[in-house]
There are 4 protein chains.
Amino acid sequence: MTETLPQTESVAADQLKCLIERIERLEEEKAGIAGDIKDVYAEAKANGFDTKALRRIVSIRKQDHAERQEQEAILDLYMQALGMAA
Amino acid sequence: MTETLPQTESVAADQLKCLIERIERLEEEKAGIAGDIKDVYAEAKANGFDTKALRRIVSIRKQDHAERQEQEAILDLYMQALGMAA
Amino acid sequence: MTETLPQTESVAADQLKCLIERIERLEEEKAGIAGDIKDVYAEAKANGFDTKALRRIVSIRKQDHAERQEQEAILDLYMQALGMAA
Amino acid sequence: MTETLPQTESVAADQLKCLIERIERLEEEKAGIAGDIKDVYAEAKANGFDTKALRRIVSIRKQDHAERQEQEAILDLYMQALGMAA
DNA sequence: AACGCATAAGTAAGAC
DNA sequence: GTCTTACTTATGCGTT
């Protein structure tokens, strides 16, 4: 990118470079945390816990209970209609 | 969990609770960063960049360049065999 | 691929071509069925059903109940430990 | 669903049941075909093909070739701007 | 026409 | 070492 090119192009290039660097930095951080999570599961396993069950609990707790039950209403209605009522 | 249960169980429960809380805290952080990444892509889009192409660049840069070209070779070979040579 | 190349190469190329064509044919079929499914949801919606709830029912029913409850045992144990018993 | 409920509800329930059964039947078919595809890849692998490259070829062929090159152009442009020109 | 969601593909890790 | 399973990414679809 030299001075023979229109300025707008080099500006866009700089902008692009900057965006990508920000993304890459953030992805690094994310990967670091993912590694930490893995470590916790490994530690749990080493202490005799079933990691598969662990993951399910985490997953279940993740569903926001408010929103979940909001949907539950419609769901229950349909399930009753099908004779699937719990 | 009352005093009628063996002590070892309550210890395990405490340990479990602790593990799960650590995981949940880390996952929150991870989700936060994922959100930040999304924001950067949104910003890029708002500035007229093609986010799909952006993602491809990030992805390409991620791959170890040596290993990348190794794959490219196999791919080219197959494509030639199919008469799909670029 | 001409007769100046070793025969084994052209054989491999034929084999490759054949494999790919089989895959492509199957993927076409699969896409056709996916389209049919979409149509059924559209029809359901046209009859006043909430497609989101519909999808959830289908999803719930998909989990093989036997295997699901098998896992449920461990899960319940852990949830009790956390004071999350339903 | 007994005669104490309004007739419209039981009609809706029947309709719903029917819709769900149709969806489930189609999803079964779809899963069957997905299995067939997996088998073809397995066969390819057994014959010494690199399945990863295979998948990429199938994927590439899927894209409308015109649209593909359109994307390639944008990508090249961005890569040049970053000094990543191949 | 653009946004977010939901499914589907591909990738990488863990179990047997 | 293979094979499944889980996670991540990507594409396409429905909605607004």
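Everything that follows concerns the structure shown earlier in this document.
Here the residue numbers are simple positions, counted from 1 along each chain's written sequence. For naming, the first written chain is A and the first written ligand is 1, with later ones following in the order written. Where local features are concerned, this predicted model is filtered to residues with pLDDT of at least 70; where side-chain atom pairs are given and counted, the filter is 80 or more; whole-chain, interface and lining totals use all residues. Working from all heavy atoms in the structure, the side-chain values ignore hydrogens and water.

Caption draft 1: Molecular detail of the pattern of salt bridges. Only one rule defines a salt bridge in this text: a Lys or Arg side-chain nitrogen within 4 Å of an Asp or Glu carboxyl oxygen. As enumerated under the stated definition, the model contains eleven salt bridges over all chains in all. Between Lys-62 of chain D and Glu-27 of chain C there is a salt bridge whose closest N-O contact spans 3.1 Å. A residue pair is termed interchain when its members come from two chains, as with Lys-62 of chain D in helix 2 (residues 51-62) and Glu-27 of chain C in helix 1 (residues 7-46). Working definition: helices are DSSP H or I runs of at least four residues, strands are E runs of at least two. Numbering for both runs from the N terminus.

Caption draft 2: Up close: the protein's contact with DNA strand E. We call a residue near a given molecule or strand whenever any one of its heavy atoms falls within 4 Å of it. Around DNA strand E sit Lys-38 and Lys-45 of chain A, Lys-45 of chain B, Lys-30, Lys-52 and Arg-55 of chain C together with Lys-30, Lys-52 and Arg-55 of chain D, and that is every residue in its neighbourhood. If you look at DNA strand E and keep only atoms within 4 Å of the protein, 100% of those are sugar or phosphate atoms. Pairing of N or O atoms within 3.5 Å defines a polar contact, subject to two protein rules: one partner must be a possible hydrogen donor and the other a possible acceptor, and residues neighboring in sequence count only if both atoms are side-chain atoms. The side chain of Lys-45 of chain B places a nitrogen or oxygen atom 2.7 Å from a phosphate oxygen of DNA strand E. Between DNA strand E and the protein, one listed contact pairs a phosphate oxygen with a side-chain N or O atom of Lys-30 of chain C at 2.8 Å. Listing elements by their share of the surface near DNA strand E, those giving two or more residues are helix 1 (7-46) of chain A, helix 2 (51-62) of chain C together with helix 2 of chain D.

Caption draft 3: Looking closely at the interface of chain B and chain A. If you look at the interface, chain B gives 27 residues, while chain A gives 27 residues. Buried area: the accessible surface (1.4 Å probe) lost by two parts on joining, summed over both. Interface of chain B and chain A: buried area, both sides summed, is about 2,800 Å²; carbon and sulfur atoms make up 74% of it. At the boundary of chain B and chain A, one finds four salt bridges. The closest approach of N and O atoms between Arg-61 of chain B and Glu-24 of chain A, which form a salt bridge, is 2.7 Å. We call two residues in contact whenever any of their non-hydrogen atoms come within 4.5 Å of each other.

Caption draft 4: Highlighting the relation of the copies chain B and chain A. For this overlay, a least-squares fit was computed on C-alpha atoms, restricted to residues scoring pLDDT of at least 70 in both copies. Superposition record for chain B on chain A: RMSD 1.8 Å, screw rotation 179°, translation along axis 0.5 Å. Both copies of the chain, as the preceding transformation shows, are related through a two-fold rotation axis. Residue Lys-30 of chain B, judged by its C-alpha, is the member of chain B lying nearest the rotation axis, at 2.8 Å. Of all interface residues in chain B, 100% are interface residues in chain A too; the two copies therefore contact each other through one and the same surface.

Shape is all these values report; function is a separate question.
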